Amino acid sequence: MVPFTSNYRDRSNSDGFQFEFFCQRCRNGHTSSFQRSITGFGGKLLQMGGGLLGGQAGAQASRLGRQAQGLHGSRQRGAARDKALAKAVEEVSAQFEQCGRCGTWVCGQVCWNGERGLCVKCAPKLGQEVAGMQAEAQRRQLNERIREQDWTRDVNYREQATGNCGSCGQDAGGGRFCRNCGAAQASAPTETRKFCTNCGTDLGDARFCGGCGWPAG
């Protein structure tokens with residue numbers, strides 16, 4: 001009987017046999033050593049030798065080589081392959097553990113909890129769980145702190161905004177003045193002018209009217 005053979009990939013070729021076995025949790029793979037096929041390799045040598053010899057003897061050698069390789073191909077699913085697979089399983093079995101709780105074959109390096117004798121899905125490693133929970137809590141708390149900050153303090157959202165500056169045509173930056181040319185933006189509040197309530201003279205920033213001396217008020 002060959003364990004965990006439902007979770008492997010056959011990497012064999014005409015020269016021999018090789019298999020890659022996968023952890024059923026993290027999918028990391030372990031590849032067995034290459035087992036050279038005497039039939040396949042010998043057939044290739046016969047073909048090569050036949051090509052070098054030439055003539056009737058060379059043709060006969062090449063024919064025997066092709067037959068040997070064909071025999072190897074037909075035996076890929078036969079006894080030779082099964083024997084090679086069993087040997088590969090024996091080689092890599094030390095890299096895997098089977099969880100007695102869920103039956104999953106997992107790699108011993110990453111997905112096995114040796115202290116509990118179970119896979120990490122059934123018995124998570126507490127140190128890793130605590131570290132993951134701490135990181136998740138930090139992420140949530142940081143998100144809350146950022147949401148509590150006022151990120152609109154310098155943004156004029158009461159007036160209609162324009163994407164580009166009407167003066168230079170560049171991105172205005174969303175402020176009262178264009179960040180490229182300094183021109184006032186349409187979304188910026190317009191400056192309020194003051195006039196004398198007695199004679200109507202433009203007061204500017206004066207405290208008394210320049211036309212009649214009336215207090216600016």
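Because the structure is predicted, anything quoted here is derived from the model rather than measured. (Residues numbered from 1 in each chain as written. Predicted model: local features only at pLDDT ≥ 70, side-chain atom pairs only at ≥ 80, totals over all residues. Heavy atoms only, no water.)

## A look at the overall build of the protein
So, point 1. Assigned secondary structure in the protein consists of four helices and nine strands.
So, point 2. Reading the secondary structure of the protein in the N-to-C direction produces β-β-β-β-β-α-α-α-β-β-β-β-α.
So, point 3. Residue burial in the protein is summarised as follows: out of 217 residues, 24% are buried.
So, point 4. For the protein, restricting intrachain contacts to residue pairs at least 6 apart in sequence, the fraction spanning at least 24 positions comes to 33%.
So, point 5. Surface accessibility of the protein: about 15,200 Å² in total, with carbon and sulfur atoms responsible for 49%. (Helix = DSSP H or I, 4+ residues; strand = E, 2+ residues; numbered from the N terminus. Buried < 20%, exposed > 50% of the residue type's maximum accessible area, 1.4 Å probe, protein only. Contact = heavy atoms within 4.5 Å. Areas by Shrake-Rupley, 256 points an atom, 1.4 Å probe, with all protein chains shown as cover.)

## Details of the environment of Thr 197
So, point 1. Mapped onto the secondary structure, Thr 197 falls in the segment after α4 (126–148).
So, point 2. When its relative accessible area of 68% is taken as the criterion, Thr 197 is described as exposed.
So, point 3. Between the C-alpha atom of Thr 197 and that of Cys 209, which follows or precedes it by 12 residues, the distance is 9.1 Å.
So, point 4. Looking at Thr 197, its side chain comes within polar contact range of the side chain of Trp 214, at 3.4 Å. (Polar contact = N/O pair within 3.5 Å; in protein donor to acceptor, adjacent residues only side chain to side chain.)

## Some remarks on the pattern of salt bridges
So, point 1. Applying the stated rule across the entire model yields six salt bridges.
So, point 2. A salt bridge links Arg 139 to Glu 136; the nearest nitrogen and oxygen atoms lie 2.9 Å apart. One end of the pair is Arg 139 and the other is Glu 136, both in helix α4 and three residues apart, which spans about a single turn.
So, point 3. Its relative accessible area of 32% is what places Glu 136 among the partly exposed residues.
So, point 4. Residues joined by salt bridges that share partners form a network here, namely Asp 10, Arg 81 and Asp 82. (Salt bridge = Lys/Arg side-chain N within 4 Å of Asp/Glu carboxyl O.)

## A short note on the nonpolar core
So, point 1. If you look at the biggest cluster of nonpolar residues, it comprises 19 residues, and the most contacted ones within it are Phe 19, Phe 21, Cys 23, Phe 96, Val 106 and Cys 111.
So, point 2. Of all the secondary-structure elements, those providing two or more residues to this core are β3 (19–22), α3 (79–92) and β7 (105–107).
So, point 3. Considering each element in turn, this core owes the most residues, five residues, to α3.
So, point 4. Aside from chain neighbours lying at most four places away, what touches Val 106 is Cys 23, Arg 25, Gln 95, Phe 96, Glu 97, Cys 111, Trp 112 and Cys 119. (Core = buried A, V, L, I, M, F, W, Y, C linked by side-chain atoms within 4.5 Å.)

## As for a nonpolar patch on the surface
So, point 1. Residues Leu 142, Ile 146 and Trp 151 make up a contiguous nonpolar surface patch of roughly 370 Å² in combined accessible area.
So, point 2. Turning to its location among the elements, Leu 142 is positioned in helix α4. (Patch = residues over 30% accessible without salt bridge, like charges linked within 9 Å, V, L, I, M, F, W, Y side chains within 5 Å.)

## Focus on the sheet that holds strand β1 (residues 8–10)
So, point 1. Read from one edge to the other, the open sheet built from three strands follows the order β1-β3-β4, with strand pairing classed as antiparallel. If you trace the sheet from one side to the other, it starts and ends with β1 and β4 (29–31), each paired once. Within the sheet, the average angular offset between the axes of one strand and its neighbour, ignoring direction, is 20 degrees.
So, point 2. Sheet analysis places β1 next to β3, joined by three bridges and oriented antiparallel. Paired with Arg 9 across the two strands is Glu 20, which belongs to β3.
So, point 3. Packing against the sheet, α3 makes contact with β1, β3 and β4, and its axis sits at approximately 45 degrees to β3. (Pairing = 2+ DSSP bridges. Axes fitted to C-alpha atoms, helices over the stretch in contact; angles between N-to-C directions.)

## With respect to the pairing of β3
So, point 1. Covered by surrounding structure in β3 are Phe 19 and Phe 21 together with Glu 20 and Phe 22, the residues of both alternating faces.
So, point 2. Pairing of β3 with β4, which is carried by three bridges, proceeds in the antiparallel orientation. Among the inter-strand pairings, Phe 22 is bridged to a residue of β4, identified as Gly 29.
So, point 3. In this structure, the hairpin formed by β3 and β4 is closed by a connection of six residues, where Arg 27 is found at a positive phi of approximately 70 degrees.

## Concerning the packing of aromatic side chains
So, point 1. Under the criterion given, the structure shown has two aromatic pairs.
So, point 2. Residues Tyr 8 and Phe 21 carry aromatic rings whose centres are separated by 5.9 Å and whose planes lie at 40 degrees to one another, so their mutual orientation is tilted. Of the two residues, Tyr 8 sits in strand β1 while Phe 21 sits in strand β3, which places them 13 residues apart along the sequence.
So, point 3. Cluster of aromatic residues (ring-pair linked, three or more members): Tyr 8, Phe 19 and Phe 21. (Phe/Tyr/Trp six-rings, centres within 6.5 Å; stacked < 30°, edge-to-face > 60°.)

## A look at α3
So, point 1. Along its 14 residues, α3 runs 20 Å from first to last C-alpha, staying within 8% of the 20 Å computed at 1.5 Å per residue.
So, point 2. Turning to α3, its buried residues are Arg 81, Ala 84, Leu 85, Ala 88, Val 89 and Val 92. Take α3 and look down its axis: the buried residues cluster within an arc of 140 degrees, on one side only. Every exposed residue of α3 that faces more than 90 degrees away from the buried side is listed here: Ala 79, Lys 83, Lys 87 and Glu 90. (Expected span 1.5 Å × (residues − 1). Arc of directions from axis to C-beta.)

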